[in-house]
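As a plain string of letters, each chain reads:
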Amino acid sequence: MKKEEAGHNFLARLGKTRLRPGSKLATDWLIANGDFRKDKKVLEVACNMGATSIEIAKQFGCQVIATDYDEEAVEKARQNVLESKVEEFVQIQHANATELPFEDNSFDIVICEALLTMLPNDLKEKAINEYLRVLKPNGFLLTHDVLLLSEDTDELLAQLRDSLNISVTPLTKEHWKATFANCGFRNVDAFTGKMSLLSPKGLIYDEGVIGAMKIIGNALKTENRESFKKMFKIFNNPDNKLGFIAICSQK
Ligand SMILES: C[S@@+](CC[C@H](N)C(=O)[O-])C[C@H]1O[C@@H](n2cnc3c(N)ncnc32)[C@H](O)[C@@H]1O
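**Re unusual backbone geometry**
- Its identity as a non-glycine residue notwithstanding, asparagine 48 has a phi of 45°, on the positive side.
- By the element assignment, asparagine 48 lies in the loop between β1 (41-45) and α3 (51-60).
- Classification of asparagine 48 by relative accessible area gives buried; the value is 13%.
- You will see that asparagine 105, though not glycine, has its phi angle at about 50°, which is positive.
- Its relative accessible area of 41% is what places asparagine 105 among the partly exposed residues.

Put into structure tokens, the structure is as follows:
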């Protein structure tokens, strides 16, 4: 892994297209709970290469604005939208989750996967308040994040931050739910499960057999091996109290 390269950029470089803790299983739960339809206006925050927005556009034919703070990710997402021939439905835009460049009450659904975990708690609330502001009344917020299964996690968090090269602040189920409720969301419903970002099953489920083999092939290259091993060990250690949490809530 290059010095200072964030974990999600490292995994993207290896060929991973979904950079989230609960794989497509969690994303599919969110999509099933979000009341998606053709006439809905959707905002994706932190879309990275745009996989979820492209999937939503193909499935429902609705209008999606997909945003990310990283210019390179924005460029890659634009290319992917063109390659997937969904440019009529998906517009990619550069934006910061904590200062969204959109009017109040302008979206029916906001979806945000694996960003809030990366933000310290004050910025989590700032982003969630932005999601509340841009959602229409009764609109759905769909999020997907890392779940802590224990309160005693100082050492685990230090290892996670070290392996990912970024500061991460995952929360327990109660803490996640309370964060959304305290920001003003109602009907806060959660779906939780095992961390599957780098599990063999999760890799195949998300990327297919050929995609998973390509990722492992790249991970085993000399320049990537040590960083991948470190990440693989942390994410797949059954003693580590890590999982995923998908949350659906309503304005
Ligand atoms: C772990 S990746 C998840 C990407 C994608 N949602 C997925 O699930 O595959 C986190 C993403 O958050 C983006 N990001 C980081 N800080 C951000 C911010 N303040 N506003 C918007 N996006 C941000 C990163 O560029 C990266 O694409």
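**So, helix α1 (residues 7-14)**
- For α1, the full list of buried residues reads Gly7, Phe10, Leu11 and Leu14. Summarising the axial view, the buried residues of α1 lie within an arc of 95°, below the 170-degree limit, and thus occupy one face.
- Positive backbone phi, approximately 120°, marks glycine 15, located one or two places after α1.

**A few points about the site of the ligand**
- Every one of the 16 residues lining the ligand counts as a neighbour, but Leu19, Arg20, Ala46, Asn48 and Asp68 are closest to it.
- The separation between an oxygen atom of the ligand and a polar side-chain atom of asparagine 48 is 2.8 Å.
- Burial of the ligand by the protein chains amounts to 91% of its free accessible area of 590 Å².
- Among the detected pockets, the ligand sits in the largest pocket.

The rules behind the values
- Residues numbered from 1 in each chain as written.
- Predicted model: local features only at pLDDT ≥ 70, side-chain atom pairs only at ≥ 80, totals over all residues.
- Heavy atoms only, no water.
- Helix = DSSP H or I, 4+ residues; strand = E, 2+ residues; numbered from the N terminus.
- Buried < 20%, exposed > 50% of the residue type's maximum accessible area, 1.4 Å probe, protein only.
- Arc of directions from axis to C-beta.
- Near = heavy atom within 4 Å.
- Polar contact = N/O pair within 3.5 Å; in protein donor to acceptor, adjacent residues only side chain to side chain.
- Areas by Shrake-Rupley, 256 points an atom, 1.4 Å probe, with all protein chains shown as cover.
- 1 Å grid on protein atoms, 1.4 Å probe; cavity = no way out; pocket = protein on both sides within 12 Å on 5 of 7 lines; lining within 4 Å.
- Sits in = over half its atoms within 2 Å of the grid points.

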